[in-house]
Protein chains: 2
Amino acid sequence: MEWKNQFEDYINIVNGKLEQYFNMPIDKNNSLIEAMKYSIFAGGKRIRPVLALASYQLFANNLEEVLPYACALEMIHTYSLIHDDLPAMDNDDYRRGKPTNHKVHGEGIAILAGDGLLNYSFEVMLADALNRENPKPFIHSINEISKAAGIHGMIGGQTVDLQSEGKVIDADTLDYIHKNKTAALITAPLKIGAIIAKASEEDIENMEYVGKQLGLAFQIKDDILDIIGDQEKLGKPVGSDEDNKKSTYPAIHGLDFSINRVQELTNSIYDILSKYNEKSYFLQNLSQYLVDRES
Amino acid sequence: MEWKNQFEDYINIVNGKLEQYFNMPIDKNNSLIEAMKYSIFAGGKRIRPVLALASYQLFANNLEEVLPYACALEMIHTYSLIHDDLPAMDNDDYRRGKPTNHKVHGEGIAILAGDGLLNYSFEVMLADALNRENPKPFIHSINEISKAAGIHGMIGGQTVDLQSEGKVIDADTLDYIHKNKTAALITAPLKIGAIIAKASEEDIENMEYVGKQLGLAFQIKDDILDIIGDQEKLGKPVGSDEDNKKSTYPAIHGLDFSINRVQELTNSIYDILSKYNEKSYFLQNLSQYLVDRES
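Residues numbered from 1 in each chain as written. Chains lettered and ligands numbered in written order. Predicted model: local features only at pLDDT ≥ 70, side-chain atom pairs only at ≥ 80, totals over all residues. Heavy atoms only, no water.

Engineer: Can you lay out helix α9 (residues 171-196) of chain B for me, pointing to particular residues and giving the numbers?
Structural biologist: Residues and elements named next belong to chain B. End to end, α9 covers 35 Å across 26 residues, agreeing with the expected 38 Å (1.5 Å per residue, within 8%). Its axis deflected by about 55° at A183, α9 carries its strongest bend there. Burial of α9 is extensive: 21 of the 26 residues sit out of reach of the surface. Positioned one or two residues after α9, K198 has a phi angle of 55°, which is positive. (Helix = DSSP H or I, 4+ residues; strand = E, 2+ residues; numbered from the N terminus. Expected span 1.5 Å × (residues − 1). Bend = angle between axes of the 7 residues up to and from the residue. Buried < 20%, exposed > 50% of the residue type's maximum accessible area, 1.4 Å probe, protein only.)

If you want it as structure tokens, here you go:
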């Protein structure tokens, strides 16, 4: 399948750039760098950076422009997983089939590795923006990413998620968690890809819309997988959300409704993407892949 | 004393702006905002933002320009204290005479409040830079701040500090910790104050030099105070560093040498600042105050 080759290409581009960013001289802080690398190169699917690249390529062709921001998004995603896995948070021992960061590097270093990744993501983006002749779209993008990752975005979602553990929550609260904890950092790459490509306001809004729908579909699928998925494919125990007494979309709305909702969201994504003709085949296929996945 | 009035004025300006930044609508993430506010308004001396304001005023007069960056530095400093106090790090129960963030809000929320403050500091700076007609000095400053706070700055220093607990470390390692854990975030405000004021390269370098010397003097003084300070004035048990078996400057170099070193560093600060005549009286006085302090 052609789109899967494109996916591989994008992943390789991202991984190559990440290798560059983490190819640092060994210093007294070596254990910190090692802990950061442990999670960054732990087999993540690079969905967020790939979304940024694919969105950018709908409107422009100089991929190098968007690459630092794509990599920064992966760093932010990775830091959020490290902190989320900590004993004081989700207390997870495994992630992608490997021991979590704090299990290998200890809690203190894991906290600092998360801090380091968040901070480094901004270092990387700012160093790039500083060298641009017209820095406006780049600052605009860093600003969007900072908001998506922040207290009214991802961190806000993590907070409400943490506080909802062991509690029955309402649909409104679950919606807040999904929109902020997950969808915000799926929306940001699609949006900043368009911003950096200097797309029109309408195109930027379209990409933002696709991101919101896809982020929600992705998270509901995650919840569904936790119920019906296969332990080996997931790399974490099935039903772990249930064990932690976490409210999930199927728990609140039922499994059938959840499956239908994912399809509805996917359709609304197609409606927008189809406006961009064959250029958007990759994003259409990737969206389908993300909602069809079994792990 | 006139300079102390100036100090109060600066502190009030910073606190006023911080109040604005944390005057947010109540949302589902309210407990996160409350935890962030708890530490931001816990009685910090606002040294870092005041240094940024004072450095700026050596070269320009429109304080509003530097204020968002001054406040962002305080947010970064505060997040580092929250994470540093966590059980997996220094495991401190008190900070400035009050229970530490995780003692009040729980470990999970404390981790997220730290993440939130770091992220929010960038949100605040980027939102400002985005609105500037000539954003270059502002992006330059955010870049400097991100490096000072990062894995080759403050977070690097925290890492080596954490790994040195309970160990006898050499002078070189202690130097790394002091330069990165503390001095980097004392240097950054002095440097970015000059950058945002569009000072000359030489002036920016002078401010950076003053920052490095002051940061080191400040940290050595901290180590000295832990040995000879008064518990009530410090708000934490005297000798707590010793209890944690942390290597300090006096432990490695002796108390007399340490006291002399602080004086030497202070003299080198005066040598530079005196070039700026009466304009630099405030910074001279503040430097003296920081090395003379008893808590």
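Following the structure, the description resumes.
Engineer: Mind laying out the nonpolar core, listing which residues take part and the relevant values?
Structural biologist: The nonpolar side chains of a soluble globular protein tend to be buried, and buried together. Of all hydrophobic cores here, the largest spans 170 residues; its most connected members are A:F22, A:M75, B:F22 and B:M75. Residues within four places of B:F22 in sequence aside, it is in contact with B:M36, B:K37, B:I40, B:F41, B:M75, B:L117 and B:Y120. (Core = buried A, V, L, I, M, F, W, Y, C linked by side-chain atoms within 4.5 Å. Contact = heavy atoms within 4.5 Å.)

Engineer: Before we move on, can you summarise the relation of the copies chain B and chain A with the specific residues and values?
Structural biologist: Between the two copies, chain B and chain A, the superposition gives an RMSD of 0.0 Å; the rotation angle is 180° and the shift along the axis is 0.0 Å. Both copies are brought into coincidence by an operation consistent with a two-fold rotation axis. Among all residues of chain B, the one whose C-alpha sits closest to the rotation axis is B:D115, at a distance of 3.5 Å. When the interface residues of chain B are mapped onto chain A, 100% of them are again interface residues, pointing to one common binding face. (Least-squares fit on C-alpha atoms with pLDDT ≥ 70 in both.)

Engineer: With reference to specific residues and values, describe the confidence of the model for chain A.
Structural biologist: In low-pLDDT segments, the atomic positions of the prediction should not be examined closely. For chain A, mean pLDDT is 93; residues scoring 70 or higher make up 94% of the total. We note a pTM of 0.95 for the whole complex and an ipTM of 0.95 for its interfaces. (pLDDT = per-residue confidence, 0-100.)

Engineer: Give a description of the side chain of A:S287 that names residues and reports values.
Structural biologist: Considering the arrangement of structural elements, one finds A:S287 in helix α15 (residues 281-292). Excluding its chain neighbours within four sequence positions, the residues that come into contact with A:S287 are A:L214, A:I269 and A:L273.

Engineer: An account of the interface of chain B and chain A is requested, with residue identities and associated values reported.
Structural biologist: Listed per partner, the contact involves 52 residues of chain B and 52 residues of chain A. For the pair chain B and chain A, the two sides together bury roughly 4600 Å², of which 69% comes from carbon and sulfur. When residues of chain B are sorted by the area they lose upon contact with chain A, B:K28, B:L130 and B:I151 head the list and together hold 16% of the total. Our count for the contact surface shared by chain B and chain A stands at two salt bridges. Measuring nitrogen to oxygen at the nearest pair gives 3.2 Å for the salt bridge that ties A:K28 to B:D172. (Buried area = accessible area lost by both parts, 1.4 Å probe. Salt bridge = Lys/Arg side-chain N within 4 Å of Asp/Glu carboxyl O.)

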